[in-house]
Amino acid sequence: MENYVAVDLEMTGLNARRDSILEIGAVRVEHKKVQAKYQAMICPHLELAEEVVQLTGITNEMARQGRELDEVFPEIMEFCGDLVLLGHNVIFDYGFLKQAAMNRNVAFEREGLDTLKLARKLLPPEEKKTLQLLCDRFHIQRARSHRALDDAMAARELYEAFEAAYEKEQPELFAPAPLVFRTKKQSPATSRQKNHLQQLADYHHLTLQVPWETLTKNEASRQIDRIIAQYGRMPKQQVQASVSGQSL
């Protein structure tokens, strides 16, 4: 495989239907040479879980300075083109991209090659197959772990290491296959959700920076839950007044 895009994403959680893309890194390889790199931080419009901050080193301040996914998504689609996607557990990253495409009515079907699957088939079963341990095994250097571009570059080097060591003996393992991730378009947030979210923010004197026009039901629910968890609920009578105001 001479032409492909190595891709890695950092996310706010593990569920493509509920969580958000936080960072995208990609490396376009043509004729086995790196031709271009792509990196973008995306503002998730919510506070990051402490586990995410600890894992990635991405702080809330860094995330708030990120760009909108609506702006970034066309860029990464153009960057990838129709090339095969390569990654470590690539279906995980593909799922988030597929969900983003579905929400924007964009067709996104690709073939992929997974370095995690290669590791499971080629290396002893008792060995762990995390990207970090595989990088250690093959002496692949990463400036930062769990950062999108660094991990995409590491996945590319890992693929080349596997290819050099095993491709001649087992070429069938190195054939790309269609990536399959079933999803459906997420429904837009309702007027009731948006009003509740704004009322909640006003009550707690918070300034919201959310993409109101493209806000989904799931995203609105996460925002509401986050504010309640951090600052508390509105008094019951205030919630009733808010609901009554909607019905007038």
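So, a few notes on the structure that sits alongside this text. (Residues numbered from 1 in each chain as written. Predicted model: local features only at pLDDT ≥ 70, side-chain atom pairs only at ≥ 80, totals over all residues. Heavy atoms only, no water.)

1. Brief notes about the overall build of the protein
Applicable threshold: Under the DSSP-based scheme used, a helix requires at least four consecutive residues in state H or I and a strand at least two consecutive residues in state E, with every element numbered from the N terminus. Burial classes follow relative accessibility: with a 1.4 Å probe on protein chains only, a residue under 20% of its type's maximum area counts as buried, one over 50% as exposed, and anything between as partly exposed. The contact rule is simple, with two residues in contact once any of their heavy atoms fall within 4.5 Å. Shrake-Rupley sampling with a 1.4 Å probe provides the accessible areas, and residues are treated as covered by the protein chains on show and by no other component. Positive: Lys, Arg. Negative: Asp, Glu. His and the chain ends are not part of the count. For this purpose, a charge sits on NZ of Lys, CZ of Arg, CG of Asp or CD of Glu.
For the protein, the count of helices and strands is 10 helices and six strands. Principal axes of the C-alpha set define a box for the protein whose edges measure 70 × 35 × 30 Å. Counting over 248 residues, the protein shows a buried share of 47%. Taking all contacts inside the protein whose residues are at least 6 apart in sequence as the whole, residues at least 24 apart take part in 71%. Approximately 13400 Å² of the protein is accessible, and the part contributed by carbon and sulfur atoms is 49%. In the protein, the 32 positive side-chain charges and the 35 negative ones have mean positions that sit 6 Å from each other.

2. So, helix 3 (residues 69-80)
Spelled out, the test is: The span you would expect from a helix comes to 1.5 Å times its residue count less one. This arc is built from the directions going out from the helix axis to the C-beta atoms.
The terminal C-alpha atoms of helix 3 lie 16 Å apart, and with 12 residues this matches the ideal 16 Å at 1.5 Å per residue to within 8%. Taken as a whole, helix 3 has its buried residues at Leu69, Val72, Phe73, Ile76, Met77, Phe79 and Cys80. Buried residues along helix 3 cover an arc of 160° about the axis, so they all sit on one side. Against strand 1 (4-11), strand 2 (21-30), strand 3 (33-41), strand 4 (84-87) and helix 4 (90-103) lie the buried residues of helix 3. Of the residues flanking the end of helix 3, it is Gly81, one or two places downstream, whose phi is positive at about 55°.

3. Digging into the environment of Gly81
Among the structural elements, Gly81 can be located in the loop between helix 3 and strand 4. Sequence separation of Gly81 and Ala229 is 148 residues, and the distance between their C-alpha atoms is 41 Å.

4. Considerations on helix 5 (residues 115-122)
Among all positions in helix 5, only Thr115, Leu116, Leu118, Ala119 and Leu122 are buried. Buried residues along helix 5 cover an arc of 160° about the axis, so they all sit on one side. Of the exposed residues in helix 5, those oriented more than 90 degrees away from the buried face are Lys117, Arg120 and Lys121. In this structure, the buried residues of helix 5 make contact with strand 4, strand 5 (111-114), helix 6 (131-137) and helix 7 (148-166).

5. Re the packing of helix 5 against helix 7
Each pair of packed helices can be summarised by the angle the axes make with each other and by the distance between the axes. Which entries qualify depends on this criterion: Think of each axis as a best-fit line through the C-alpha atoms, taken over the contacting stretch in the case of a helix, with angles from 0 to 180 degrees between the N-to-C directions. Each crossing is labelled by how the near helix is turned from the far one, with a counterclockwise turn of less than a right angle marking it left-handed and a clockwise turn marking it right-handed.
The geometry of helix 5 relative to helix 7 is characterised by a closest axis approach of 10 Å and an angle of 35° between their N-to-C directions. Regarding helix 5 and helix 7, the two cross each other, and that crossing is left-handed. In contact with Thr115, Leu118, Ala119 and Leu122 of helix 5, helix 7 contributes Ala155, Leu158, Tyr159, Phe162 and Tyr166.

6. A short note on the pairing of strand 4
Here is the rule we go by: The pairing criterion is simple: DSSP has to find at least two bridges between the two strands. Here is how to tell: hold the view so the strands point away, follow the path from the first strand over the helix to the second, and if it runs clockwise the crossover is right-handed.
Burial of strand 4 is two-sided: the residues Val84 and Leu86 facing one way and the residues Leu85 and Gly87 facing the other way are all buried. Taken together, the three bridges between strand 1 and strand 4 define a ladder with parallel strand orientation. In the sheet register, Tyr4 faces strand 4, and the bridge partner there is Val84. Pairing geometry for strand 4 and strand 5, over three bridges, is parallel. By the bridge assignment, Gly87 is partnered in strand 5 with Asp114. Between the parallel pair strand 4 and strand 5, the chain is carried across by helix 4, and the sense of this crossover is right-handed.

7. Concerning the packing of helix 8 (residues 191-203) against helix 9 (residues 217-231)
To be explicit about the condition: Should an angle lie under 35 degrees it is considered roughly parallel, over 145 roughly antiparallel, and from 65 to 115 roughly perpendicular; all remaining angles are considered oblique. Each residue is assigned to one of three groups, with Ala, Val, Leu, Ile, Met, Phe, Trp, Tyr, Cys and Pro labelled nonpolar, Asp, Glu, Lys and Arg labelled charged, and all others, Gly among them, labelled polar.
Between helix 8 and helix 9, whose axes approach to 10 Å, the crossing angle comes to 25°. The orientation of helix 8 with respect to helix 9, classified from their angle, is roughly parallel. Classified by chirality, the crossing of helix 9 by helix 8 is left-handed. Along the contact surface, helix 8 presents Gln193, His196, Leu197 and Leu200, while helix 9 presents Lys217, Ala220, Ser221, Gln223, Ile224, Ile227 and Ile228. Classifying every residue of the contact of helix 8 with helix 9 by side-chain character gives six nonpolar, four polar and one charged.

8. Concerning the pattern of salt bridges
Quick note on the threshold: Take a side-chain nitrogen of Lys or Arg and a carboxyl oxygen of Asp or Glu: if they are within 4 Å of each other, that pair is a salt bridge.
With the rule as written, the count across this model stands at 14 salt bridges. One salt bridge in this structure joins Asp150 and Arg144, with 2.8 Å as the shortest N-O distance. Owing to a relative accessible area of 13%, Asp150 belongs among the buried residues under this scheme. Close ionic contact of Arg156 with Glu160 constitutes a salt bridge, the shortest N to O distance being 3.4 Å. Residue Arg156 and its partner Glu160 are both found in helix 7; the two are separated by four residues, about one turn of the helix.

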